[in-house]
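Now for the letters of each chain:
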Amino acid sequence: MPDADRPGGSPLSTSLGAGQGGLRRVDVDPSDDRAFARWVSARARAFHEPDIESDSDLERFASSRQRMLRAVLDDTEEHADIPVGTLSAWDLGVRLPGAPGQSTRTVSARAISAVSVAPTHRRRGIALSLIVDELRDARRSGLALAVLTATEAAIYGRFGFGPATHGTDCALDVRRARWLGDPPPGRVRLVPRDELRSLAPVLDEEAHARVAGEVVRWENFYDRMLGLTPDRRRGAASLRAVRYDDEAGRPRGYALYRVRRSAAQPQVMEAAVVDLVAATPDAYAALWRFLSELDLVDRVVASLRDDDEPLRWMLEDPAAVVTSNERALLWMRVLDIPAALTARGWAAADTAVLDVRDPLGLAAGVFRLTTDSEGEARVTAVSEGAAEREPMLSLGIAELGALLAGGVRADTLARARRVTSDDSAAAARFDRMLATARTPRLSSLF
Ligand SMILES: CC(C)(COP(=O)(O)OP(=O)(O)OC[C@H]1O[C@@H](n2cnc3c(N)ncnc32)[C@H](O)[C@@H]1OP(=O)(O)O)[C@@H](O)C(=O)NCCC(=O)NCCS
């Protein structure tokens, strides 16, 4: 595999036009310490993060070592071995809706992260080239989807990514929190953090089994979240872990939190939730109640929560919960339309004809989707000019990515003029096929 130390690599995608002299795309070998450090430095520089000065700075990026690292080098630069563009990629399990009454289905998707371009090389198509090459590679590997979580939301629509899940930050004012209903019958216990290392993946699996949009969390995710990696150990001293056991003593949920002063209002003490996972409604209620009843705490804050979080409905005064910072979390890019449509379960037996455009030309065409009462789908390509009895829905590949996990209604996109049809009822009909029991969500950024 070529890396940043050896000559080689390939020119940037030819579709990107002229003016790319000196630029070449390479794969960086993550086991090569020097090349890896340069890749990490380039990424840190573009994201305005502190420079990498020691081996321990590099530890923060341990998970990148497990990934495919792409880079663009500029041979005309004085320090030509430091990449001017970076991207990391790996294959990640993403949950799509299951058939009615069934669990979600986990599909392997190409995850993309660390997209960065040196401040001196912006707006020359380097990010575009890295992303297009990655999408093509994923498609060649037989993957139906690519996914990412974005720092800059405005960028990825043009690459065919649609916002598939949304999340918000929420704050619970504990003085206003009067709980409805009896306290759950089980017990909340404080546990050492490392005890959650084996329990959390099991509870996540159960809790996320019915939630589309969630991804399969990876080893290093847990180590970092629980403060078990060398770079996180010091900051983790204030991290507390609790577990909820049901009446039979079976663990059904956990929360990880720290109590701190609010950065914006130093007189306010907050319990900041790092993760709260509940496999049952009792566990969910018990963990939130526990956090709201902590002494010395004025407010419980949590990010990456749903916009239809049940919390509000557990309180006499729903306004005790204030949400903010609503944003798209998972961005989904369909690479293979038939494979993506057959990967999920469907809520109703019907037929839809989809005319899908793709600005990058990776996945486009007219497809007939037929779903049965078991929630399974059959997809056939419709040849040009073929007469179709069913109304046709026209949409872009980004819109398909937004719809696939059930995160938006086709009717909403039709009213936004992003899904069009000659038949005004076609979007609502497609919505009955797409319907999911729960709004999709994502609780792990990558
Ligand atoms: C964002 C970033 C990766 C873009 O790299 P780039 O090489 O300048 O992008 P490209 O030249 O390939 O541009 C591709 C398209 O994205 C658009 N674009 C680039 N940066 C954008 C931004 N910050 N906001 C909105 N659109 C942007 C370009 O206009 C272009 O669209 P067009 O072809 O329709 O004109 C780069 O500016 C960067 O590293 N920023 C700091 C790190 C960062 O924000 N990374 C993204 C995290 S999600």
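What you see is a predicted model; the values in this text were computed from it and never measured.

A. Focus on the site of the ligand. Around the ligand sit 19 residues in total, of which Val117, Arg122, Arg123, Gly125 and Arg158 are the nearest. Between the ligand and arginine 122 there is a distance of 2.8 Å, counted from an oxygen atom to a side-chain nitrogen or oxygen. Taking alanine 127, its main chain carries an N or O atom lying 3.0 Å from an oxygen atom of the ligand. Within the complex, the protein chains bury 75% of what would otherwise be the 880 Å² of accessible surface of the ligand. Looking at the shell around the ligand, the elements with two or more residues in it are strand E5 (105-117) and helix H3 (126-140). Its residues assigned to classes, the shell around the ligand shows 11 nonpolar, three polar and five charged.

B. Representation of the sheet that holds strand E18 (residues 377-381) in the model. Across the sheet, five strands lie side by side as E18-E17-E16-E19-E20; this open sheet has mixed pairing. Sheet topology places E18 and strand E20 (419-421) at the edges, where each strand pairs with a single neighbour. Within the sheet, the average angular offset between the axes of one strand and its neighbour, ignoring direction, is 25°. Relative to strand E19 (residues 392-396), strand E16 (residues 350-357) is paired through five bridges, and the arrangement is parallel. Within the sheet, the bridge partner assigned to arginine 357 lies in E19 and is glycine 396.

C. Highlighting the nonpolar core. Among the nonpolar cores identified, the biggest contains 63 residues, and Leu145, Phe430 and Phe446 are the most heavily contacted of them. Setting aside anything within four residues of it in sequence, one finds phenylalanine 446 in contact with Trp90, Leu92, Ala111, Ile112, Ser113, Val147, Leu148, Thr149, Val215, Trp218 and Leu330. Within the second largest apolar cluster, 28 residues are counted, among which are Leu172, Tyr284, Ala285 and Val300.

D. Spatial organisation of the packing of aromatic side chains. For the structure shown, the criterion picks out nine aromatic pairs. Taking the centre distance of 6.4 Å and the plane angle of 65° together, the rings of tryptophan 90 and tryptophan 218 count as edge-to-face. Within this pair, whereas tryptophan 90 is found in strand E4 (residues 85-96), its partner tryptophan 218 is found in the loop between helix H4 (196-208) and helix H5 (219-225), the two being separated by 128 residues in sequence. Each member of the pair, tryptophan 90 together with tryptophan 218, is buried. Here the aromatic rings of phenylalanine 221 and tyrosine 222 are separated by 5.8 Å at their centres, their planes lie at 85°, and the arrangement is edge-to-face. Both residues of the pair, phenylalanine 221 and tyrosine 222, count as buried. In this arrangement the basic side chain of arginine 67 is found over the ring face of tryptophan 90, its NZ or CZ atom lying 3.5 Å from the centre. The ring of tryptophan 346 carries the charged tip of arginine 344 above its face, separated from the ring centre by 4.4 Å.

E. Region of interest: the sheet that holds strand E11 (residues 251-261). The strand order E9-E10-E11-E12-E13-E8-E14 describes an open sheet built from seven strands, whose pairing is mixed. Each having just a single partner strand, strand E9 (187-191) and strand E14 (321-328) make up the two edges of the open sheet. The average undirected angle you get between the axes of adjacent strands in this sheet is 25°. Bridge count for E11 against strand E12 (residues 269-278) is nine bridges, and the pairing is antiparallel. Pairing of glycine 253 across the sheet is with alanine 278, part of E12.

F. Spotlight on the side chain of threonine 351. Residue position: threonine 351 is located in strand E16. In this structure threonine 351 touches Arg368, Leu369, Thr370, Glu390, Arg429 and Met433, once residues within four positions along its chain are discounted.

G. Highlighting the pattern of salt bridges. Considering all chains together, one arrives at 38 salt bridges under this definition. Where aspartate 27 meets arginine 70, a salt bridge forms, and the shortest distance between an N and an O atom there is 3.0 Å. Here the residue aspartate 27 occupies a position in strand E2 (residues 23-28), and arginine 70 occupies one in strand E3 (residues 68-74), the gap between them amounting to 43 residues. Assigned by exposure class, aspartate 27 and arginine 70 land together as buried. Between arginine 189 and aspartate 245 there is a salt bridge, with the nearest N and O atoms lying 2.7 Å from each other. With arginine 189 in strand E9 and aspartate 245 in strand E10 (residues 240-245), the pair connects residues that are 56 residues apart, well separated along the chain. The partly exposed category is assigned to arginine 189, whose relative accessible area is 31%.

H. The arrangement of the pairing of strand E13 (residues 299-305) in detail. In terms of burial, E13 is a largely internal element, six of the seven residues being buried. Both strand E8 (residues 166-173) and E13 contribute to a ladder of five bridges, which runs antiparallel. Bridge pairing in E13 links aspartate 173 to arginine 299. Across four bridges, the pairing between E12 and E13 is parallel.

I. Geometry of the domain arrangement of the chain. What the domain assignment lists for the chain is domain 1 (10-165), domain 2 (167-327) and domain 3 (336-434). Computed over C-alpha atoms, the centres of domain 1 and domain 2 are 31 Å apart. Listed by partner, the interface residues are 17 residues for domain 1 and 17 residues for domain 2. For the pair domain 1 and domain 2, the two sides together bury roughly 1,300 Å², of which 52% comes from carbon and sulfur. On inspection of domain 1 and its partner domain 2, the count reaches one salt bridge. Note that glutamate 205 and arginine 95 form a salt bridge whose closest N and O atoms lie 3.1 Å from each other. The tally of links from domain 1 across to domain 2 stands at seven residue pairs in polar contact (both at pLDDT 80 or more). Its residues placed into classes, the side of domain 1 that touches domain 2 shows five nonpolar, eight polar and four charged.

Parameters at a glance
- Residues numbered from 1 in each chain as written.
- Predicted model: local features only at pLDDT ≥ 70, side-chain atom pairs only at ≥ 80, totals over all residues.
- Heavy atoms only, no water.
- Near = heavy atom within 4 Å.
- Polar contact = N/O pair within 3.5 Å; in protein donor to acceptor, adjacent residues only side chain to side chain.
- Areas by Shrake-Rupley, 256 points an atom, 1.4 Å probe, with all protein chains shown as cover.
- Helix = DSSP H or I, 4+ residues; strand = E, 2+ residues; numbered from the N terminus.
- Nonpolar A, V, L, I, M, F, W, Y, C, P; charged D, E, K, R; others polar.
- Pairing = 2+ DSSP bridges.
- Axes fitted to C-alpha atoms, helices over the stretch in contact; angles between N-to-C directions.
- Core = buried A, V, L, I, M, F, W, Y, C linked by side-chain atoms within 4.5 Å.
- Buried < 20%, exposed > 50% of the residue type's maximum accessible area, 1.4 Å probe, protein only.
- Contact = heavy atoms within 4.5 Å.
- Phe/Tyr/Trp six-rings, centres within 6.5 Å; stacked < 30°, edge-to-face > 60°.
- Lys NZ or Arg CZ within 6 Å of the ring centre and 35° of its normal.
- Salt bridge = Lys/Arg side-chain N within 4 Å of Asp/Glu carboxyl O.
- Domains from an automatic or database assignment.
- Buried area = accessible area lost by both parts, 1.4 Å probe.

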